[in-house]
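# Breakdown of the fold
Now for the letters of each chain:
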Amino acid sequence: MSALTVVKPGMLTTVQDLGRFGYQGVGVPVAGPMDAYSHRFANRLLGNDPAAAALEITLMGPELIADGELTCVLTGGRIETMLDGSPAPFDEPFRIRSGSRLRCGQRLKGTRMTLAVAGGFDLPPTLGSRATHLVSRMGPFGGRALRAGDVLPVGSQPEGTRVSSGTPLPLPDGGAHLRILPAVHRDRFTDDAWGLLQRARFTVSPQSNRMGYRLDGPVLAHVGAADILSEGMPPGVIQVPASGQPILLLAERATTGGYATIATVISADLPIAGQLAPGDWIQFDLVTHLEARSALRAREAELAGAPL
């Protein structure tokens, strides 16, 4: 069986598939990639199942050595990657010979790069998923980020057809406009807070991670208390604690939360949110439900390389 061995792990490199669904009712988080679009795009280019396990590489990438011949692809955030001293391509499959090394260099654009292999990484699933959830320590390698010496076995080559169509995710450059819909607790906030959310520019705080982004910006005032009875938290929801500083919940969010929610980032824009880094800006733009559905259809058409 072919494999990749970790020589240097990088800043934060984890194994992810599309997430651990079906157990939220008993408190098990979904996890999965911060940029699910690029994860699916990588697997599509290789003919893999869309949910095949791949690596999510954050800001500063790893050094890996191949044991056996492999076919790989890099998508999502741009982090300079060299294969035996030559630049590796993005958004197209390339072969790696046994003994070859992949070395990552400087970040170029975006924050999280996906590295997928034909056949996916064949690691033991937990509750049917190979997604890493760092907080609960659930997933491959005891639910932790990769370390030097870890071995990533590769599954059998897929029988699916590799494709050359599809559009890479448009990467943010220093910030992004994220489209939103009102959340169920909109009426727990003042009209001034609702207006500020749409007018102000927020900054991703250094106190951010895969669970969510703490956003620095103007205080969003509640009508009454900030706390609610705990309820389910979907991806992209913006909750606001008593401090008035919003938190954008993402891949490793808990299944429930106890702060009022003011808005939700639409599904089409969640992959772009996943490519933001501390210090990047966010501006929220209100859309209708019809516009949100149209945006998701457009995003899926981009992934498939199909006309609308």
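Quick summary incoming for the structure in this document. (Residues numbered from 1 in each chain as written. Predicted model: local features only at pLDDT ≥ 70, side-chain atom pairs only at ≥ 80, totals over all residues. Heavy atoms only, no water.)

### Here we look at the overall build of the chain
Definition in use: The secondary structure listing takes helices from DSSP runs of H or I that are at least 4 residues long and strands from runs of E that are at least 2 residues long, numbered from the N terminus. Only C-alpha atoms enter the radius of gyration, while the globule expectation follows 2.2 Å times N to the 0.38, with N the number of residues. Residue burial is assigned from relative accessible area. The probe radius is 1.4 Å, only protein chains are included, and a residue is buried under 20% of its type maximum, exposed over 50%, and partly exposed in between. The contact rule is simple, with two residues in contact once any of their heavy atoms fall within 4.5 Å. Surface accessibility in these figures is a Shrake-Rupley result with a 1.4 Å probe; residues are shielded only by whichever protein chains are displayed. Asp and Glu count as negative and Lys and Arg as positive, but His and the ends of the chain are not part of the count. By convention, the charge on Lys lies at NZ, on Arg at CZ, on Asp at CG and on Glu at CD.
Per the secondary structure count, the chain includes 5 helices and 18 strands. Taking 19 Å as the expected radius of gyration for a compact globule of 308 residues, we find that the chain reaches 20 Å, a close match to that expectation. Expressed along its principal axes, the backbone C-alpha trace of the chain runs to roughly 60 × 40 × 35 Å. Within the chain, buried positions represent 53% of all 308 residues. Taking the intrachain contacts of the chain between residues at least 6 apart in sequence as the baseline, contacts between residues at least 24 apart amount to 75%. For the chain, the exposed surface amounts to about 13000 Å²; the carbon and sulfur share of it is 53%. Mean positive and mean negative side-chain charge positions of the chain (28 and 28 charges, respectively) differ by 2 Å.

### A look at the pattern of salt bridges
Where we set the bar: The working definition used for a salt bridge is a side-chain nitrogen of Lys or Arg within 4 Å of a carboxyl oxygen of Asp or Glu.
In total, this model carries 13 salt bridges according to the counting rule given. The closest approach of N and O atoms between Arg144 and Asp150, which form a salt bridge, is 2.8 Å. Arg144 sits in the buried class, given a relative accessible area of 14%. Across the pair Glu252 and Arg210 runs a salt bridge, and its minimum N-O distance is 2.9 Å.

### Notes on the sheet that holds strand β15 (residues 247-249)
Just so we agree on the cut-off: At least two bridges found by DSSP between two strands are what make those strands a pair. Axis angles are defined between N-to-C directions and span 0 to 180 degrees, where every axis is a line fitted to C-alpha atoms and, for a helix, only to the segment in contact.
Pairing is mixed around the closed barrel formed by 7 strands, whose spatial order is β10-β17-β14-β15-β12-β11-β18. Neighbour-to-neighbour, the strand axes of the sheet open up by a mean angle of 40°, direction not taken into account. Strand direction decides the pairing type here: strand β14 (residues 237-239) and β15, joined by 2 bridges, are antiparallel. Among the inter-strand pairings, Gln239 is bridged to a residue of β15, identified as Ile247. This element, helix α3 (residues 191-199), spans β10 (175-182), β11 (201-204), β17 (261-265) and β18 (281-286) of the sheet and lies at about 120° to β18.

### Some remarks on the packing of helix α1 (residues 36-46) against helix α5 (residues 289-304)
The cut-off we apply is this: Comment on the angle field: the value is read as roughly parallel under 35 degrees, roughly antiparallel over 145, roughly perpendicular from 65 to 115, and oblique elsewhere. Definitions for this section: a left-handed crossing has its near helix turned counterclockwise from the far helix by less than a right angle. A right-handed crossing has that turn clockwise. Amino acid classes used here: Ala, Val, Leu, Ile, Met, Phe, Trp, Tyr, Cys and Pro are nonpolar; Asp, Glu, Lys and Arg are charged; the rest, including Gly, are polar.
Here α1 crosses α5 at 30°, and the two axes come no closer than 10 Å. What the angle tells us is that α1 and α5 run roughly parallel. Viewed along their axes, α1 and α5 form a crossing whose handedness is right-handed. Taken together, the residues of α5 that come into contact with α1 (itself represented by Tyr37, Arg40, Phe41 and Arg44) are Arg299, Glu300, Glu302, Leu303 and Ala304. Classifying every residue of the contact of α1 with α5 by side-chain character gives 4 nonpolar, no polar and 5 charged.

### So, the pairing of β10
For a regular strand, side chains alternate in direction, first toward one face of the sheet and then toward the other. Two strands pair when backbone bridges link them, and β10 and β18 are joined in this way by 6 bridges, in the parallel orientation. By the bridge assignment, Ile180 is partnered in β18 with Leu286. As judged from the 3 bridges shared by β10 and β17, these two strands associate in the antiparallel manner. From the neighbouring strand, Leu181 faces β17, where its bridge partner is Thr264.

### So, the packing of aromatic side chains
Note on aromatic pairs: each is described by the distance of the centres and the angle between the planes. The condition that has to hold: Side-chain rings of Phe, Tyr and Trp, where Trp is taken by its six-membered ring, are said to pair if the distance between their centres is within 6.5 Å; with planes under 30 degrees apart they count as stacked, over 60 as edge-to-face, and otherwise as tilted. As a reminder, the over-ring test applies to NZ of lysine and CZ of arginine, requiring each to be within 6 Å of the ring centre and within 35 degrees of the ring normal.
If you walk through the whole model with that rule in mind, you get 2 aromatic pairs. Look at Tyr37 and Phe41: their rings are 6.5 Å apart centre to centre, the planes differ by 40°, and that puts the pair in the tilted class. On the criterion of helical spacing, the pair formed by Tyr37 and Phe41 is a turn pair, its members being 4 residues apart in helix α1. Relative accessible area serves as the criterion here: at 3%, Tyr37 is assigned to the buried category. Here the guanidinium or amino end of Arg201 rests over the ring plane of Trp281, the centre of that ring lying 3.7 Å away.

### Here's the deal with the environment of Leu123
Take Leu123: it is sitting in the loop between β8 (101-117) and α2 (140-143). Residue Leu123 is classed as buried on the basis of its relative accessible area of 7%. Each C-alpha atom, one on Leu123 and one on Ser98, is 20 Å from the other, the two residues being 25 residues apart in sequence. If we ignore the near neighbours within four places in the chain, the residues touching Leu123 are Val15, Arg130, Pro140, Phe141, Val151, Leu152 and Pro153.

### Things to note about the environment of Leu249
Within the secondary structure, Leu249 is located in strand β15. Setting aside residues no more than four positions away along its own chain, Leu249 makes contact with Met211, Gly212, Met233, Pro235, Gly236, Val237 and Gln239.

### Looking at the nonpolar core
So the rule is basically this: We call a set of buried residues a nonpolar core when its members are Ala, Val, Leu, Ile, Met, Phe, Trp, Tyr or Cys and they connect through side-chain atoms within 4.5 Å of each other.
Counting residues in hydrophobic clusters, the biggest one holds 42 residues, and the most contacted among them are Leu178, Leu197, Leu248, Ile262 and Phe284. Broken down by element, the residue count for this core peaks at 5 residues, all from α1. Ignoring any residue separated from it by four or fewer positions in sequence, one finds Leu197 in contact with Ile180, Phe202, Leu220, Ile262, Ala263 and Phe284.

### Overview of α1
Residues that lie three or four places apart on an α-helix share one face, since the helix turns once every 3.6 residues. For clarity, the threshold we go by: Counting of polar contacts relies on pairs of N or O atoms within 3.5 Å, with two restrictions inside protein: one atom must be capable of donating a hydrogen and the other of accepting it, and residues adjacent in sequence are counted only when both atoms are side-chain atoms.
Within α1, 8 of the 11 residues are buried, which leaves the element mostly enclosed by the surrounding structure. Restricting attention to buried positions, one finds in α1 the residues Tyr37, Ser38, His39, Phe41, Ala42, Asn43, Leu45 and Leu46. Buried positions along α1 lie against β2 (12-16), β3 (54-58), β5 (70-83), β8, α4 (270-273) and α5. Looking at where α1 begins, the residue whose side-chain oxygen comes 3.2 Å from the main-chain nitrogen of Tyr37 is Asp35. Two residues or fewer after α1 comes Gly47, characterised by a positive phi angle close to 80°.

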